[in-house]
Amino acid sequence: MGNIRFIKENKEVIAANGANLRLKALENGIDIYKFWGKVTNCGGYGQCATCIVEVTEGMDNLSPRTDVEKRKFKNSPDTYRLACQTLVNGPVSVITKP
């Protein structure tokens, strides 16, 4: 069991191990998309790269980066993840729309 703390929103959400970060955010009313992401998001398949979050704590409690993330973030900080590709396995803190 892990809690997801959304820093900008000042909200903490309880998540079972293996929960998808994007789905938990949406289920709890957390807006993870910037303007264009709301219009063009792929629905959680990792193709559009519009659900970017920055992990500030608990990186070890997340699933490893997928091949899609490795391609999308090859020139970005290691703390950037696609919420749709990230599974939570313990407590984490994230910044939405970094």
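Small disclaimer: the values here were computed from a predicted structure and weren't measured.

J.: Help me understand the sheet that holds strand 2 (residues 11-15) in this model?
T.: Two strands in a sheet stick together by hydrogen bonds in their backbones, pointing the same way (parallel) or opposite ways (antiparallel). Pairing in this open sheet of 5 strands is mixed, and the strands run 2-1-7-4-5 from one edge to the other. A single partner strand is all that each edge strand has here, and the edge strands are strand 2 and strand 5 (80-82). Averaged over all neighbouring strand pairs, the angle between strand axes comes to 35°, with direction disregarded.

J.: Sorry if this is basic, but what is going on with the pairing of strand 7 (residues 92-96) here?
T.: Two faces, one strand: in a regular strand the side chains alternate between the faces of the sheet. Burial within strand 7 is extensive, with 5 of its 5 residues counted as buried. Because side chains alternate across strand 7, one face comprises the buried residues Val-92, Val-94 and Thr-96, and the other comprises Ser-93 and Ile-95, equally buried. Pairing analysis gives 3 bridges linking strand 1 (residues 2-6) to strand 7, with the strands arranged parallel. Looking at the pairing, Arg-5 lines up with Ser-93 of strand 7. Note: strand 4 (residues 52-57) against strand 7, 4 bridges, orientation antiparallel. Bridge pairing in strand 7 links Glu-57 to Ser-93.

J.: How do you make sense of the nonpolar core when you look at a structure like this?
T.: Considering soluble globular proteins, one finds that nonpolar side chains tend to be buried as a cluster. Judged by nonpolar contacts, the single largest core of 23 residues is most densely connected at Ile-4, Phe-6, Leu-21, Ile-32, Cys-51 and Val-94. In contact with Cys-51, not counting residues within four places along its chain, are Ile-32, Tyr-33, Arg-81, Leu-82, Ala-83 and Cys-84.

J.: Any chance you could explain the pairing of strand 1 here in plain terms?
T.: Of the two faces of strand 1, only one is covered, namely that formed by Gly-2, Ile-4 and Phe-6; the face formed by Asn-3 and Arg-5 stays uncovered. Of the strand pairs in this sheet, strand 1 and strand 2 are connected by 5 bridges, and their pairing is antiparallel. When the bridges of strand 2 are listed, Arg-5 appears paired with Glu-12. Between the end of strand 1 and the start of strand 2, which pair antiparallel, lie 4 residues, with Asn-10 showing a positive phi angle near 50°.

Definitions and limits used
- Residues numbered from 1 in each chain as written.
- Predicted model: local features only at pLDDT ≥ 70, side-chain atom pairs only at ≥ 80, totals over all residues.
- Heavy atoms only, no water.
- Pairing = 2+ DSSP bridges.
- Helix = DSSP H or I, 4+ residues; strand = E, 2+ residues; numbered from the N terminus.
- Axes fitted to C-alpha atoms, helices over the stretch in contact; angles between N-to-C directions.
- Buried < 20%, exposed > 50% of the residue type's maximum accessible area, 1.4 Å probe, protein only.
- Core = buried A, V, L, I, M, F, W, Y, C linked by side-chain atoms within 4.5 Å.
- Contact = heavy atoms within 4.5 Å.

Such coordinate-based values are descriptive only and should not be taken to indicate function.
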